[in-house]
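Observations on chain architecture
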Amino acid sequence: MYVNLIKPLLDRFGALFLLILFSPIILLTALIIAIRMGRPIFFTQQRPGLHGEIFTIYKFRTMSDEKDKNGELLSDGLRLKGVGKWVRSLSLDELPQLINVLKGEMSFIGPRPLLAEYLPLYTLEQSRRHDVKPGITGWAQINGRNAISWEEKFRYDVDYVKNISFWFDLKIFFQTFAKVFIREGISQEGETTMEKFTGHIS
């Protein structure tokens, strides 16, 4: 009953409330990005959601479109700087995902939606992360975010799916604020974000 009825209602009412509450911050962030980085303000990408169904995720853009002499985009590390790095360090880039939650495509709490290209690479156990809606934050995020390995990340995701409850969600929700405050686990050691998953993990 919690997963199918109560959780979706809490998600949508909460998303509407926070969109209104954080509207000044959202508008200010959008304005700063527009002035310092130009358009587009938002980053959109196709991601797999519940049962692997594809949806469009919304985030604030944090990387520039700088290219090398051959017309190829520079590495993430070179394109993430200044305003973009500041926006990501405060997790402000995640705020537009409240729209995804309001639309019922995401939840506040759940496994983070990863790239669609990873879908055929998961083991049967790893694919269980898609048995629930993806979340803005999740069990893996408060246990290391991008600073942990893929193996650990998937283990936390599946553990969440197996033990999902109101109290588990509440615990993750409040611990997320502590992680954001101390800016912990934003990047993997030696990486700007997280290295790509190649499916080599058993």
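Since this is a predicted model, take the numbers as computed values, not measurements. (Residues numbered from 1 in each chain as written. Predicted model: local features only at pLDDT ≥ 70, side-chain atom pairs only at ≥ 80, totals over all residues. Heavy atoms only, no water.)

Moving on: the side chain of Asp93. Checked against the element boundaries, Asp93 lands in the loop between α4 (83-89) and α5 (97-102). The exposure class of Asp93 is buried, given its relative accessible area of 2%. Apart from residues lying up to four places away in sequence, Asp93 is in contact with Lys59, Phe60, Thr62, Val87 and Arg88. (Helix = DSSP H or I, 4+ residues; strand = E, 2+ residues; numbered from the N terminus. Buried < 20%, exposed > 50% of the residue type's maximum accessible area, 1.4 Å probe, protein only. Contact = heavy atoms within 4.5 Å.)

What follows concerns the confidence of the model for the protein chain. Taken as a whole, the protein chain shows an average pLDDT of 87; of its residues, 85% reach a score of 70 or greater. For residues 185-192, every residue scores under 50 in pLDDT, and the model assigns this stretch 23 contacts once sequence neighbours within four places are set aside. (pLDDT = per-residue confidence, 0-100.)

Each aromatic ring pair is summarised here by two numbers: the centre-to-centre distance and the angle between the ring planes. Taken as a whole and judged by the stated rule, the model has 15 aromatic pairs. A centroid spacing of 5.6 Å and a plane angle of 85 degrees characterise the contact between Tyr118 and Phe197, whose relative ring orientation is edge-to-face. You can see Tyr118 sitting in the loop between β3 (107-109) and β4 (135-137) and its partner Phe197 sitting in the segment after α7 (166-182), a full 79 residues away along the chain. When sorted by exposure, Tyr118 lands in the same class as Phe197, which is buried. Here Trp139 and Tyr156 contribute two aromatic rings whose centre-to-centre distance is 6.1 Å and whose plane-to-plane angle is 90 degrees, an arrangement assigned as edge-to-face. Of this pair, Trp139 sits in the loop between β4 and α6 (150-163) while Tyr156 is found in helix α6, placing the two residues 17 residues apart along the sequence. Aromatic rings pair up to connect Tyr118, Tyr122, Trp150, Phe154 and Phe197 into one cluster. (Phe/Tyr/Trp six-rings, centres within 6.5 Å; stacked < 30°, edge-to-face > 60°.)

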